[in-house]
Amino acid sequence: MADLRIDLAGIQSPNPFWLASAPPTNTGYQVQRAFEAGWGGAVWKTLGDPIINTSSRFAAVHFNGQRVAGFNNIELITDRPLEVNLKEIYETKKKFPGHAVIASLMVEPKREKWHEIVKRVEDVGVDGLELNFGCPHGMAERGMGAASGQQPDLVQAQTTWVKEVATTPVIVKLTPNITDITVVARHAAKGGADAISLINTINSLAGVDIHSWNTIPHVGGQGAHGGYCGPAVKPIALSMVAECARDRGVGIPISGIGGISTWQDVVEFMLMGATGIQVCTAVMHHGFRIVEEMIDGLNNYLDDKGLASVTELIGKSVPKYSNWGDLDLNYKVVARINEDNCINCNKCHIACEDASHQCIDMLTNADGKAVLQVREEDCVGCNLCSIVCPADGAIDMIALDSGAAPMTWNQRQQVISTLNGSYSEAEVV
Amino acid sequence: MSAFAEFDKERQAVDKLLQQGYGIVNIKEDLDGAEVTFIRSGSDGDPVKLLLLTADARKHVTTAVFAGIRPAAPVEASI
Ligand SMILES: Cc1cc2nc3c(=O)[nH]c(=O)nc-3n(C[C@H](O)[C@H](O)[C@H](O)COP(=O)(O)O)c2cc1C
Ligand code: SF4
Ligand code: SF4
């Protein structure tokens with residue numbers, strides 16, 4: 001069995017599976033049960049001046065029979081006094097000394113406020129701190145959370161203030177509600193952050209009730225934007241993790257968050273540069289015990305790959321992620337339909353005809369049976385037909401050797417500019 | 001005409017010039033496609049221009065230049 005232990009910027013954990021700061025980490029009772037179920041770490045529900053929540057605060061987007069494809073909330077940070085949380089953190093850490101307990105913190109952007117909370121929290125023996133610069137609603141209206149996380153200078157300054165007094169590793173949690181997340185990540189690193197975590201939730205409105213015209217959720221007929229998370233946000237989170245991982249100016253470990261619900265998701269985030277991961281929505285949907293399947297799945301995967309430690313996955317796909325301008329324009333794939341597996345639903349034909357390059361022909365074979373065939377020379381290899389095809393193995397995307405040397409867009413533009421440069425010189429002469 | 005047939009027509013025109021000893025000396029791209037200027041290697045004859053419309057043909061000419069299929073010394077020849 002592979003070694004699942006990780007070390008995120010000095011924070012040791014028996015495995016890479018952490019609970020994200022959210023309702024599942026609200027109390028000692030919950031975190032201790034999570035550890036018993038197998039979670040390696042927990043980021044406590046964000047601590048700060050206790051707030052008052054609204055009633056009716058969650059909503060979900062169900063899509064085509066899949067419940068909770070996306071999850072929306074307007075919940076704020078903890079509503080319990082700091083002392084109560086600290087007592088439970090202390091007890092939890094005492095019972096589970098080998099597990100990672102991280103305190104998530106959010107206070108007003110004032111130096112003395114950060115100093116005060118960091119000292120009080122570290123006194124009870126947490127393994128690290130996570131600065132919540134990501135909550136997109138409520139707290140942001142008061143200048144905290146995403147409001148300060150959207151100002152790179154303020155992220156850097158607050159991180160510096162924390163680092164002035166912190167004795168445990170400091171993770172800065174980033175908001176995705178920003179144009180370029182690497183800018184904020186770099187400022188966190190400049191402020192001395194030991195690691196970053198991402199993403200927090202994405203600004204969202206789950207829906208509008210077309211009968212009552214109320215927002216979903218609504219609080220007595222009134223709504224406000226919330227934060228979106230769950231499986232729907234995974235591709236956004238993964239790309240943001242990848243962007244930070246390949247940015248040399250960031251250069252600190254990453255805790256990956258956003259839409260993770262299976263061991264395969266975990267592998268993907270780690271391959272894209274995360275040292276460990278955090279989960280919220282999947283636990284809210286299915287409970288703590290989903291971690292059992294995640295641990296088994298990850299263990300089997302590592303064994304199959306012949307890897308002795310989960311840390312061997314970290315960042316292995318990052319070099320395969322670059323800019324569009326560095327992709328090979330001469331790489332060519334085409335669709336091939338496998339008659340044996342095709343159920344003749346015609347979805348590929350319709351998709352190619354209406355939305356791509358009109359190159360799937362409807363033919364009749366020798367037995368008089370309707371068959372679909374791709375005209376490979378006209379196929380641009382967009383993948384659409386294989387995406388819409390409901391039958392496994394009915395469409396393969398095949399890489400063809402075009403015979404041409406690899407050439408990227410950037411190389412092409414360089415070649416044209418060199419060529420034209422020498423030609424106009426000749427003309428001038 | 002299929003997209004491939006359109007491309008193939010343009011590719012054949014390009015390849016014919018290349019086979020005749022022409023080299024690509026200028027590619028001007030604008031909203032309407034790529035105007036490619038060819039000059040025959042070692043000659044000071046008039047350049048030949050082709051307007052390429054298809055993406056694959058525009059890729060084909062730059063791949064040819066990228067792979068080094070250029071006239072031996074068109075610049076010196078025209079001086
Ligand atoms: C109901 C709810 C409450 C949350 N509260 C917090 C919080 O207090 N602090 C925080 O940093 N993130 C909070 N989050 C964000 C999560 O920690 C996590 O970043 C986000 O949900 C993405 O992960 P997921 O897709 O696994 O849910 C909350 C999320 C939800 C759904
Ligand atoms: S890959 Fe795209 S272009 Fe090719 S057959 Fe499928 S849908 Fe058509
Ligand atoms: S979408 Fe798939 S199953 Fe349906 S006709 Fe096309 S190849 Fe066959």
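Parameters and conventions
Residues numbered from 1 in each chain as written. Chains lettered and ligands numbered in written order. Predicted model: local features only at pLDDT ≥ 70, side-chain atom pairs only at ≥ 80, totals over all residues. Heavy atoms only, no water. Domains from an automatic or database assignment. Near = heavy atom within 4 Å. Nonpolar A, V, L, I, M, F, W, Y, C, P; charged D, E, K, R; others polar. Axes fitted to C-alpha atoms, helices over the stretch in contact; angles between N-to-C directions. Helix = DSSP H or I, 4+ residues; strand = E, 2+ residues; numbered from the N terminus. Parallel < 35°, antiparallel > 145°, perpendicular 65-115°, else oblique. Contact = heavy atoms within 4.5 Å. Buried area = accessible area lost by both parts, 1.4 Å probe. Salt bridge = Lys/Arg side-chain N within 4 Å of Asp/Glu carboxyl O. Polar contact = N/O pair within 3.5 Å; in protein donor to acceptor, adjacent residues only side chain to side chain. Core = buried A, V, L, I, M, F, W, Y, C linked by side-chain atoms within 4.5 Å. Buried < 20%, exposed > 50% of the residue type's maximum accessible area, 1.4 Å probe, protein only. Disulfide = S-S within 2.5 Å. Areas by Shrake-Rupley, 256 points an atom, 1.4 Å probe, with all protein chains shown as cover.

**Looking at the domain arrangement of chain A**
Many descriptions give the size of an interface as the accessible area lost when the pieces come together.
Here's step 1: The domain architecture assigned to chain A consists of domain 1 (6–318) and domain 2 (324–400).
Here's step 2: For domain 1 of chain A and domain 2 of chain A, the distance between their C-alpha centroids amounts to 41 Å.

**Quick notes on the site of ligand 2**
Here's step 1: Surrounding ligand 2, one finds 13 residues, the nearest of these being Cys 352, Cys 379, Cys 382, Asn 383 and Cys 385 of chain A.
Here's step 2: Within the shell around ligand 2, the residues separate by chemical class into 10 nonpolar, 3 polar and no charged.

**A word on the packing of helix H7 (residues 234–246) of chain A against helix H8 (residues 263–271) of chain A**
Residue and element names in this part refer to chain A.
Here's step 1: The N-to-C vectors of H7 and H8 enclose an angle of 25°; their axes lie 9 Å apart at closest approach. One element, H7, and the other, H8, form an angle in the roughly parallel class. Between H7, through Lys 234, Ala 237, Leu 238 and Val 241, and H8, the contact on the second element is made entirely by Asp 265, Glu 268 and Phe 269.
Here's step 2: Looking at the contact of H7 with H8 residue by residue, the class counts come to 4 nonpolar, no polar and 3 charged.

**Some remarks on the interface of chain A and chain B**
Here's step 1: Opposite the 19 residues of chain A that make contact, chain B presents 21 residues.
Here's step 2: Surface buried jointly by chain A and chain B totals about 1,800 Å² across both partners, of which 65% is contributed by carbon and sulfur atoms.
Here's step 3: Per-residue buried area on chain A facing chain B is highest for Arg 412, Leu 419 and Tyr 423 of chain A; these three make up 33% of the total on that side.
Here's step 4: The interface formed by chain A and chain B holds 1 salt bridge in total.
Here's step 5: Between Arg 412 of chain A and Glu 29 of chain B there is a salt bridge, and its shortest N-O distance comes to 2.8 Å.
Here's step 6: At the boundary of chain A with chain B, the tally comes to 10 residue pairs in polar contact (both at pLDDT 80 or more).
Here's step 7: When its residues are assigned to classes, the side of chain A that touches chain B shows 11 nonpolar, 5 polar and 3 charged.

**Some words on the nonpolar core**
Here's step 1: Of all hydrophobic cores here, the largest spans 89 residues; its most connected members are Trp 39, Leu 47, Leu 105, Val 121, Leu 129, Ile 196 and Leu 198 of chain A.
Here's step 2: At 7 residues, the largest contribution of residues to this core is made by helix H10 (residues 290–305) of chain A.
Here's step 3: Not counting residues within four places of it along the chain, the set of residues in contact with Trp 39 of chain A comprises Asn 15, Phe 17, Trp 18, Leu 19, Ala 34, His 99, Val 279, Val 283, Phe 288, Ile 290, Val 291 and Met 294 of chain A.
Here's step 4: Within the second largest apolar cluster, 19 residues are counted, among which are Leu 419 of chain A together with Ile 24, Ala 57 and Val 61 of chain B.

**Things to note about the state of the cysteines**
Here's step 1: Tallied over the entire structure, the rule returns 0 disulfides over all chains.
Here's step 2: With no disulfide of its own, Cys 244 of chain A lies 19 Å from the sulfur of Cys 229 of chain A, the closest cysteine sulfur.

**Focus on the site of ligand 1**
All names here are of chain A.
Here's step 1: Taken together, 23 residues form the shell around ligand 1, and within it Ser 21, Thr 46, Lys 173, Gly 259 and Thr 281 come nearest.
Here's step 2: One of the side-chain nitrogen or oxygen atoms of Thr 46 is found 2.6 Å away from a nitrogen atom of ligand 1.
Here's step 3: Here an oxygen atom of ligand 1 sits 3.5 Å away from a polar atom, N or O, in the side chain of Asn 200.
Here's step 4: Taking 610 Å² as the accessible area of ligand 1 by itself, protein coverage stands at 98%.
Here's step 5: Going through the elements one at a time, strand E4 (41–47) and strand E6 (66–73) are the ones with two or more residues in the shell around ligand 1.
Here's step 6: Across the shell around ligand 1, the residue classes tally to 10 nonpolar, 10 polar and 3 charged.

**As for the side chain of Thr 168 of chain A**
Residues and elements named next belong to chain A.
Here's step 1: Along the chain, Thr 168 turns up in the loop between helix H5 (152–165) and strand E9 (170–173).
Here's step 2: Judged by its relative accessible area of 14%, Thr 168 falls in the buried class.
Here's step 3: Side-chain polar atoms of Thr 168 contact the side chain of Glu 122, separated by 2.6 Å.

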